[in-house]
Amino acid sequence: MVKSSCFLTACWGNKAGSKANDKGNVEQRTAIVWEKGESRFFPFLPEQICWQDFHHLMAQVANFLSSLPSFSQAQLIGYQGSHRLIGLLSYCAVMALNKKILMLNPSFSSEKTTQLCEQYGVQFLITDQLFTNFDENLTACELPTLDHASPATLTLTSGSSGSSKAVVHSIKNHLANAEGVCELLNFKQGDSWLLSLPLFHVSGQGIVWRWLSQGATLYVNEDKADFFKLLSQVSHASLVPTQLQRYLASAELHKRSKKQTVLLGGAAIPAELVQQAKVQGITTFSGYGMTEMASTICAVKDELDNVGKPLAGREIHLVENEIWVKGNCLALGYWQKNGEIRPLTNEQGWLQTKDLGCWNEKGHLIIRGRLDNMFISGGENIQPEEVEKVLFASGLLRQIFIVPIADAEFGERPVAVVDLLEPFSTQAVEKLQNFATQHLERFKHPICYLPLDENLQQGGIKISRQQLKAEVAVKLGLTRKDNL
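Residues numbered from 1 in each chain as written. Predicted model: local features only at pLDDT ≥ 70, side-chain atom pairs only at ≥ 80, totals over all residues. Heavy atoms only, no water.

(A) Structural view of the sheet that holds strand 23 (residues 411-420). What the three strands build is an open sheet, ordered 22-23-24; its pairing is mixed. With partners counted over all chains shown, the strands left at the sheet margins are strand 22 (397-407) and strand 24 (449-451), one partner each. Between one strand axis and the next, the sheet turns through 30° on average, direction left out of account. Note: strand 22 against strand 23, 10 bridges, orientation antiparallel. Across the sheet, the residue bridging to Ile405 is Arg413, located in strand 23. Against the sheet, helix 12 (residues 426-439) touches strand 22, strand 23 and strand 24, its axis set at about 135° to strand 24. (Pairing = 2+ DSSP bridges. Helix = DSSP H or I, 4+ residues; strand = E, 2+ residues; numbered from the N terminus. Axes fitted to C-alpha atoms, helices over the stretch in contact; angles between N-to-C directions. Contact = heavy atoms within 4.5 Å.)

So this is what it looks like as structure tokens:
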């Protein structure tokens, strides 16, 4: 059951002070630590913003946006920008006005942005430039009573195996997800979380709702150079393995003033990475989640061969090894251009994830891969995630993806796209090939190895397998770039 009763109590939290006579203290607690860097926006703001000032600023932003032509009549608002604080304020203010918001990746081309806005019916697009002349003396508007159950956010799925969909969540859904994660990771009012992931991804939004639900402190950096500096100051963080690797190798690691908890996801996690973190007093949790469930579904402490049990408010059911999920954090559905919401559950009320899984002897969930990633090569089924897991155990890789390419004789053959720990070379590939020979059946051996391009990263969280497959086809001369 979600405990927050309205947007303001969600902001400084019914857990953040609870007693009425303590309200003054609550309002003065630090809501945001903002490392502004060279930002030209909000020059009047201090680096530490208390909850009272955050509320005032959010209400000012709501009034500012409402004064813009065509904003007031719009119900679905888009945001596209790279300024972390503007993105956060826009996200909160739009929902405070009981409108819906779609956060868009700033790396999208103008053509793709226009196409997405038309596809989903976005009626107003917020950009960072709109805030160039934001006045610190702007009147703060009175906010309406918040609707917790109606559509509030649209989030594009990663499209890892096909085209993306716009997933619709209510505030109630987001808070339900936050409650389970906060309980498992013991995240409370006195703690802090780094806004380490983008808000156009559900994992980034999950950070915001944990912060809001507990009335804790959110750390926000504008310049990438300040990332590890702020990471060393927080009690909690959501990271992909590469970020944790770089943090453990940084000088900032040794400036920490407290033990830390890190929620990991987005890629395979090296066992030695977890051990190195543990030695440094960093507790890691390996998570499994999805956009449709508003982020994390399961997570487990200091283990790698499973993702633990469902968190509070989630249920999992396995049907012929496919993972079915439901719970209070399950989205309302998929958004259609005409404003309708298409249901995402089956007749039994479950979301069929297309993820494959099984239970171990402790009742923890093991993720096997995706139904729609499997391909057939010479009459043999190949599950890419299985091959990736075996080769990852070589200790030679940061990341690996197995993708199929068309073959006249075998139907499809596996190709490995790799991010090696050492520079990509013939000798490095030979080491990996030798490992494959020892640990994989012959039909699962990749027929070639290609280096992973950095530009395929989507916000540092996920890589689209569909896009990766297309890029591999181009590199191997199976199709032309202008045909993609």
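(B) Focus on the packing of aromatic side chains. Scanning the model with the defined rule gives 15 aromatic pairs in all. Summarising the aromatic geometry, the rings of Tyr91 and Trp209 are spaced 6.3 Å apart at their centres and angled 65° between planes, so their arrangement reads as edge-to-face. Taken together, the residues span a long stretch of sequence, with Tyr91 in helix 4 (residues 84-96) and Trp209 in helix 7 (residues 202-214) at a distance of 118 residues. With a centroid separation of 6.1 Å and an interplanar angle of 10°, the aromatic rings of Phe228 and Tyr247 are classed as stacked. Residue Phe228 is located in helix 8 (residues 227-231), and its partner Tyr247 is located in helix 9 (residues 241-248); the two are separated by 19 residues in the primary sequence. Relative accessible area serves as the criterion here: at 23%, Phe228 is assigned to the partly exposed category. Ring pairing ties together the aromatic residues Phe42, Phe44, Phe64, Phe131 and Phe134, which thus form one cluster. When the ring centre of Phe71 is taken as origin, the NZ or CZ atom of Lys99, which lies over that ring, is 5.4 Å away. Above the ring of Tyr334, the side-chain terminus of Lys165 is found at 5.5 Å from the ring centroid. (Phe/Tyr/Trp six-rings, centres within 6.5 Å; stacked < 30°, edge-to-face > 60°. Buried < 20%, exposed > 50% of the residue type's maximum accessible area, 1.4 Å probe, protein only. Lys NZ or Arg CZ within 6 Å of the ring centre and 35° of its normal.)

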